[in-house]
Amino acid sequence: PQDILDFGAGYFAAAKKGSLEDFLKGWGNREVKKAPETKGQRSGLTAGHSSGLTSAEEKQILELFSKIDLENRGVVLAKDLSRFDKNGKLFAKLDTSKDGEVSEEEYLAFFKGLKAKNAKAIEGYLAYAEKTLLKLTVGEEEDILDLFSKVDTDGNGVLDKTELYRFDKNGKLFGKLDTSKDGKIDKAEYLNFFQGLKLKNPKALWGYLRYAQGCLKKLTLDEEKEIKSVFNTIDVDKSGEIEEKELAKLDKNGKLFARLDTSKDGKVSITEYLNFFKKMKVDNPRAVYGYIKYAKRVLKM
């Protein structure tokens with residue numbers, strides 16, 4: 001029992017310092033009192049898996065490998081392992097081929113060797129890694145809150161169904177996010193949802209964030225419709241193009257017109273107008289919403 005307590009205390013202290021690999025190596029090489037061998041052990045008839053991995057352990061290790069391999073490359077890179085391996089020492093041990101990536105075979109081989117030295121070390125590492133994997137990282141929290149901010153087009157600090165519509169056509173996602181059932185989603189509810197998603201499937205979290213960020217960089221059909229409506233209102237003479245004088249209400253100093261008129265022919269086509277807002281959407285999604293709202297107010301649409 002004391003041996004187990006010593007291992008637990010040393011293990012988590014080393015994990016916090018980023019020196020987990022050194023601890024595991026030292027623990028595996030320490031001197032321990034061996035129990036007297038049985039007759040079966042002396043004759044080489046040891047039961048179970050004294051150094052090989054059990055099928056359950058192998059399954060757990062491969063599941064961990066899959067969770068670390070977020071991009072489904074079939075290999076783990078140093079950056080994938082960084083949350084468990086701050087100084088890169090563990091990665092160097094795993095990457096026996098020295099090709100800059102760790103395969104499933106190399107990953108399993110490492111744990112087989114670890115078990116041969118100290119079976120308890122495997123249990124501790126797997127428990128620590130799973131626990132670490134299932135928590136949102138600081139980077140993930142920042143990405144989630146950044147996404148929240150971009151979806152929150154009116155900037156009021158909460159999301160409503162219309163703001164979430166581009167990702168949630170049938171409203172099911174909104175129903176899961178709105179745990180307070182007050183018809184709006186605050187930042188705490190949003191973060192809690194993604195923490196729960198990570199507990200079930202870490203890859204789903206990464207996939208959703210990538211998908212949502214991609215969606216935010218494109219104009220929605222409603223946004224295109226609104227932008228075209230503003231264009232047609234500005235185009236007073238209905239020539240199909242906007243002249244500088246027609247834009248005067250929205251552009252006192254002519255700077256906006258200069259940016260819109262990419263062809264430098266003294267007029268702005270609907271294509272130039274839409275392209276301007278497509279680029280704006282990539283740089284700052286909320287600015288598109290703000291401009292449309294401002295233009296409709298000034299033009300009394």
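Being a predicted model, the structure only gives us computed values, none of them experimental. (Residues numbered from 1 in each chain as written. Predicted model: local features only at pLDDT ≥ 70, side-chain atom pairs only at ≥ 80, totals over all residues. Heavy atoms only, no water.)

Turning our eyes to something else, we now look at the overall build of the protein chain. Per the secondary structure count, the protein chain includes 16 helices and two strands. For the protein chain, the proportion of contacts with a sequence separation of at least 24, taken over those separated by at least 6, is 60%. (Helix = DSSP H or I, 4+ residues; strand = E, 2+ residues; numbered from the N terminus. Contact = heavy atoms within 4.5 Å.)

What follows covers the confidence of the model for the protein chain. For the protein chain, per-residue confidence averages 81 on the pLDDT scale, and residues scoring 70 or more make up 83% of the total. Here residues 32-50 is modelled with pLDDT under 50, and outside its nearest four sequence neighbours on either side it reaches eight contacts, counting other chains as well. (pLDDT = per-residue confidence, 0-100.)

In this approach the atoms are scanned with a rolling probe the size of a water molecule, which exposes any empty space left behind. Of the pockets and cavities examined, the largest pocket occupies roughly 510 Å³. Forming the boundary of the largest pocket are 17 residues, of which Thr162, Arg166, Thr220, Asp222 and Glu223 lie nearest the centre. Elements represented by at least two residues in the lining of the largest pocket include exactly α9 (161-164), α13 (221-234) and α16 (285-298). Of the residues assigned to the lining of the largest pocket, the class counts are four nonpolar, three polar and ten charged. (1 Å grid on protein atoms, 1.4 Å probe; cavity = no way out; pocket = protein on both sides within 12 Å on 5 of 7 lines; lining within 4 Å. Points joined across faces, edges and corners; volume = space filled by probe spheres on them. Nonpolar A, V, L, I, M, F, W, Y, C, P; charged D, E, K, R; others polar.)

A word on the nonpolar core. Ranked by size, the top nonpolar core spans 24 residues in total, and within it Leu64, Ile68, Leu81, Phe84, Tyr107, Phe111 and Tyr125 carry the most contacts. Of all the secondary structure elements, the ones that give two or more residues to this core are α4 (55-68), α5 (89-94), α6 (104-117) and α7 (119-133). (Core = buried A, V, L, I, M, F, W, Y, C linked by side-chain atoms within 4.5 Å. Buried < 20%, exposed > 50% of the residue type's maximum accessible area, 1.4 Å probe, protein only.)

With respect to the helices and strands, Thr153 occurs in the loop between α8 (138-151) and α9. We classify Thr153 as buried; its relative accessible area is 11%. If near-sequence neighbours (up to four positions away) are discounted, Thr153 is found in contact with Glu163, Arg166, Arg286 and Tyr289.

Here we come to helix α15 (residues 270-283). Under the 1.5 Å per step criterion, the end-to-end length of α15 is 20 Å for 14 residues, consistent within 8% with the ideal 20 Å. Along α15, the residues that are buried comprise Glu272, Tyr273, Leu274, Phe276, Phe277, Met280 and Lys281. Of the surrounding elements, those touching the buried residues of α15 are α12 (202-216), α13, β1 (241-242), α14 (255-260), β2 (268-269) and α16. (Expected span 1.5 Å × (residues − 1).)

For the rest of this paragraph, the subject is the packing of aromatic side chains. Inspection of the entire model under this criterion finds 13 aromatic pairs. For the pair Phe110 and Phe111, a centre-to-centre distance of 5.3 Å together with 80° between the ring planes defines the contact as edge-to-face. Chaining the aromatic ring pairs together yields one cluster made of Phe148, Tyr190, Phe193, Phe194, Tyr208 and Tyr211. (Phe/Tyr/Trp six-rings, centres within 6.5 Å; stacked < 30°, edge-to-face > 60°.)

Moving on, we come to the environment of Lys267. In this fold, Lys267 is placed in the loop between α14 and β2. Note on Lys267: relative accessible area 28%, which makes it partly exposed. As a C-alpha pair, Lys267 and Ile242 span 25 residues in sequence and 5.5 Å in three-dimensional space. Here Lys267 is in contact with Glu241, Ile242, Phe257, Asp261 and Glu272, once residues within four sequence places are set aside.

Here α4 is 14 residues long and its end C-alpha atoms lie 20 Å apart, about the 20 Å a rise of 1.5 Å per residue gives. Those residues of α4 that fall on the buried side of the exposure criterion are Glu57, Ile61, Leu64, Phe65 and Ile68. One side of α4 holds all its buried residues, which, seen down the axis, span an arc of 105°. Residues of α4 that are exposed and angled more than 90 degrees away from the buried face: Ser55, Ala56 and Lys59. In the core, the buried residues of α4 are packed alongside α6 and α7. (Arc of directions from axis to C-beta.)

This next bit is on the side chain of Glu140. Tracing the backbone shows Glu140 in helix α8. For Glu140, the side chain forms a polar contact with the side chain of Lys198, separated by 2.7 Å. Setting aside its immediate chain neighbours within four residues, Glu140 contacts Arg83, Lys135, Lys198 and Leu205. (Polar contact = N/O pair within 3.5 Å; in protein donor to acceptor, adjacent residues only side chain to side chain.)

Residue Lys98 is not a glycine yet carries a positive backbone phi of 55°. Structurally, Lys98 can be placed in the loop between α5 and α6. Among the residues examined, Lys98 registers a relative accessible area of 57% and is labelled exposed. Even without being a glycine, Lys181 presents a positive backbone phi close to 55°. Here Lys181 shows up in the loop between α10 (172-177) and α11 (187-200).

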